[in-house]
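# Tertiary structure, described
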Amino acid sequence: MGHSAGGYNAAMSALDGRWLAATGHTPRELAGFIGLAGPYDFLPMTNRDAQLVLFHPDYPLDTQPMALASGRAPPTFLAAGRTDSLVDPERKTRRRWRRGCRMRACRSIYIATSASTT
């Protein structure tokens, strides 16, 4: 489970086996993952502060959790605030998660009526 950047970390741990392999584990061992207001699809990057951290414009190719979503993903619950201006719930959560649902990767999604990443 993770919130904001922690949601991203939880997603990457659940979807990209490289991160758990270092500990001798695999994503298949997870009962599931929960992401709260996380950035699951954030390219192209428009936040100038984040651009500095993420090697803009030379992003590593495998940085987007939704690009890694598949039917092998563990059960997943994503939640985001409907009016969140930092982590746009439509772009970062709902729209991208629909893609995962078509790939049978989704289990649940919730968009709260009033919440933010702060």
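This one's a predicted model, so the numbers in the text were calculated from it and none came from an experiment.

What counts as what
- Residues numbered from 1 in each chain as written.
- Predicted model: local features only at pLDDT ≥ 70, side-chain atom pairs only at ≥ 80, totals over all residues.
- Heavy atoms only, no water.
- Helix = DSSP H or I, 4+ residues; strand = E, 2+ residues; numbered from the N terminus.
- Buried < 20%, exposed > 50% of the residue type's maximum accessible area, 1.4 Å probe, protein only.
- Salt bridge = Lys/Arg side-chain N within 4 Å of Asp/Glu carboxyl O.

### Focus on unusual backbone geometry
For Ser-4, which is not glycine, the phi torsion reads 60° and is therefore positive. If you trace the backbone, Ser-4 turns up in the loop between strand S1 (2-3) and helix H1 (5-15). The backbone of Ala-37 sits at a positive phi, close to 50°, despite the residue not being glycine. You can see Ala-37 is positioned in the loop between strand S2 (33-36) and helix H3 (48-53). You can call Ala-37 buried: its relative accessible area is 6%.

### Re the pattern of salt bridges
Applying the stated criterion across every chain yields a total of 2 salt bridges. Put simply, Arg-18 and Asp-16 hold a salt bridge, and the shortest N to O gap is 2.6 Å. Overall, the relative accessible area of 8% leaves Asp-16 in the buried class. Between Asp-62 and Arg-18 there is a salt bridge, with its nearest N and O atoms 3.0 Å apart. Within this pair, whereas Asp-62 is found in the loop between H3 and helix H4 (65-68), its partner Arg-18 is found in helix H2 (residues 17-21), the two being separated by 44 residues in sequence. Residue Arg-18 is classed as partly exposed on the basis of its relative accessible area of 45%.

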